[in-house]
Amino acid sequence: MATSTTGSTLLQPLSNAVRLPVDQVNFVVCQLFALLAAIWFRTYLHSSKTSPFVRHVVATLLGLYLALFCFGWYALHFVIQSGISYYIMIIIGVENMHKYCFVFALGYLTVCQITRVYIFDYGQYSADFSGPMMIITQKITSLAFEIHDGMFRKNEDLTPSQRCLAVRRMPSLLEYLSYNCNFMGILAGPLCSYKDYITFIEGRSYQLQQSEANGKEDTKYEQTDPSPNIAVAQKLLICGLSLLFHMTITKTLPVEYNIDDNFRATASWPIRFFYLYVSLMAARPKYYFAWTLADAINNAAGFGFRGYDKNGVTRWDLISNLRIQQIEFSTSFKMFLDNWNIQTALWLKRVCYERATFSPTIQTFILSAIWHGVYPGYYLTFLTGVLMTLAARAIRNNIRHYFVESPAVKLCYDIITWMATQVAISYTVVPFVLLSVKPSFTFYSSCYFCLHIASILVLLVFPLKRTQKGSKKHESVQPVWSKKLEEENLLQKNSYSTTNNSFSQKQEITCRYQALKQ
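- The name given to the protein in an unreviewed UniProt entry is Membrane bound O-acyltransferase domain containing 2, with the source organism recorded as Aquila chrysaetos chrysaetos.

## Notes on the overall build of the protein
Step number 1: Of the regular secondary structure elements, the protein holds 23 helices and two strands.
Step number 2: A total of 518 residues make up the protein; the buried ones form 52% of that total.

## Quick look at the pattern of salt bridges
Step number 1: The full count for this structure, using the stated rule, is twelve salt bridges.
Step number 2: Across the salt bridge formed by Arg 204 and Glu 202, the nearest N and O atoms sit 2.7 Å from each other.
Step number 3: Notably, a salt bridge pairs Glu 354 with Lys 349, separated by 3.3 Å at the nearest N-O pair. Accessibility classification places Glu 354 together with Lys 349 in one group, the buried group.
Step number 4: It is possible to trace a salt-bridge network through shared partners that takes in Asp 149, Arg 153 and Arg 355.

## Quick look at a nonpolar patch on the surface
Step number 1: Together, Tyr 87, Ile 90, Ile 91, Ile 92 and Tyr 100 line one region of the surface with nonpolar side chains, adding up to about 510 Å² of accessible area.
Step number 2: It is helix 4 (residues 76-92) that provides the largest number of residues to the nonpolar patch, a total of four residues.
Step number 3: The class for Tyr 87 is exposed, based on a relative accessible area of 51%.

## Details of the UniProt feature "transmembrane region" (unreviewed entry) in the protein
Step number 1: Annotation from UniProt places "transmembrane region" (unreviewed entry) at residues 25-45, 57-80, 377-395, 415-437 and 443-464.
Step number 2: A distance of 18 Å separates the end C-alpha atoms of residues 57-80, which is 83% helix and 0% strand.

## Brief notes about unusual backbone geometry
Step number 1: In this chain, Gly 189 is followed by Pro 190 through a cis amide linkage whose omega measures 0 degrees.
Step number 2: By the element assignment, Pro 190 lies in the loop between helix 8 (173-181) and helix 9 (194-202).
Step number 3: The phi angle at Ser 359 is positive, at roughly 40 degrees, despite the residue not being glycine.
Step number 4: The partly exposed category is assigned to Ser 359, whose relative accessible area is 37%.
Step number 5: A positive phi is found at Phe 449, a non-glycine position, where the angle reads about 50 degrees.
Step number 6: With respect to the secondary-structure elements, Phe 449 resides in the loop between helix 20 (437-446) and helix 21 (450-461).
Step number 7: The class of Phe 449 is partly exposed, set by a relative accessible area of 28%.

## Focus: helix 17 (residues 360-372)
The α-helix advances 3.6 residues per turn, and as a result positions three or four apart in sequence lie on the same side.
Step number 1: Here helix 17 contains 13 residues, and its C-alpha end-to-end distance of 18 Å stays within 8% of the 18 Å for a straight helix at 1.5 Å per residue.
Step number 2: Taken together, the buried positions of helix 17 are Pro 360, Thr 361, Thr 364, Phe 365, Leu 367, Ser 368, Ala 369, Trp 371 and His 372.
Step number 3: Just past helix 17, the residue Gly 373 takes up positive phi, approximately 150 degrees.

Scoring rules and cut-offs
For every chain, the first residue of the written sequence is number 1, and numbering continues from 1 onward in sequence order. Local features in this predicted model are restricted to residues of pLDDT 70 or higher, and side-chain atom pairs are both shown and tallied only at a pLDDT of 80 or more, whereas totals for entire chains, interfaces and linings draw on every residue. Only hydrogens and water are set aside when side-chain values are computed; all heavy atoms of the structure are taken into account. Under the DSSP-based scheme used, a helix requires at least four consecutive residues in state H or I and a strand at least two consecutive residues in state E, with every element numbered from the N terminus. Exposed residues in this analysis have more than 50% of their type's maximum accessible area, buried residues have under 20%, and partly exposed residues fall in between, with area computed by a 1.4 Å probe over protein chains only. Criterion for a salt bridge: a side-chain nitrogen of Lys or Arg within 4 Å of a carboxyl oxygen of Asp or Glu. A residue counts toward a patch only above 30% relative accessible area and without a salt bridge, and it is joined to like-charged neighbours within 9 Å or, for Val, Leu, Ile, Met, Phe, Trp and Tyr, to nonpolar neighbours within 5 Å. Note on areas: Shrake-Rupley, 1.4 Å probe, and residue coverage restricted to the protein chains presented here. UniProt positions are given in the numbering used here, feature names are shortened, and annotations may be inferred rather than shown by experiment. What a helix is expected to span follows from its residue count: subtract one and scale by 1.5 Å.

Below, the structure is given as structure tokens:
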């Protein structure tokens, strides 16, 4: 089924030449333009040369222009959603605004997704306006919770991460629009915290926390910004390789072949599971390309620095969305999800998992499915993901300690768990790619729902650790996006912070260090 673009058709000749939908060509060209704009932004509109007001205005206007070029009048949804959410924050007040903003932003996103999917172009993967709205929804809800934490809740009632991310003054409308619609993240994100973004715009001095050999913190101040050039070049190389893989190999390994009648009838079980793995692996490079390019754009603008490692090497992964090596060599379901779509995982943890009063894992997977969209395949994937996550957690908690004493035994254990993890992930996400109910059930029924049944049996045989009551409630059973990742961000990320009359910079550093110790 052909799709019509909602944005500019200026690049239609290029689209015809490369045989890609013009929406996708617009997206890639706009991201490359954003990369050049980011270099210009860091060079000529550096915080030492111009005011935060100018940086906010330029970042917002460039972002809205790119949105208009890609999505036409649909880009108005970004402004409408942000504007109404800001109005809700102002009139509702800090006590309940996080609830109203959450319901409105997610509801508005869902309505837009329903109209796009079921009215305009069901099943098409061309660039669409609901993609940026997903990121804006994350930003709206995250900031609403952060303001609620900072301006209403008592400091002692907050978790370490909530305390460090809490925003203690209401942003201006310009700051709010700049955060939601800046050119660096308008098309592909990733999500970042409001405090990190504002401090980047305002150009605070870098506060570098580097662990010494004795475990103490050595806080240093640097007057000049470290260069992101090497990090940007490395990420652009990854983008090029990912795009090349997607353009040449991905099309030869369609996921749909897993439900081909002839293939299912003639292929042996080992061949079927091997093709399942390689076809889903081949589907990932397009995400590697989009998310790594988005990260490179932010880095090129000077945003994303997280300090130095113990060897003094700069780290530009403050808002990185994935770790490819850890994804491809994951030895557990949890490890895979910890390194895939990292910022979304942290968003789900912060706004849902650690605030849920019951069944946090189930609630979080449901929220993830709603946020992703309205295709039935998404819900099948995330419901299957709940089973897989709980089963994998039960196995790991009950048997892993038997295989870690001997290096040789642990190596064998790692190889087996790597194979099991890759098959389980592939099995789980097939409906996410196929989208519809019928082909998804065709696939699962052809496999006799084997991993669903196995997961249920595991949960019946192996006990799960019970969640303790009290303040440790979310620490005894970690979500799939582990608290280790959260703590690493709190300690090693650059200690950006927004204007805060109640806390000094020294207190913010102490806050982040204490978060790790706890």
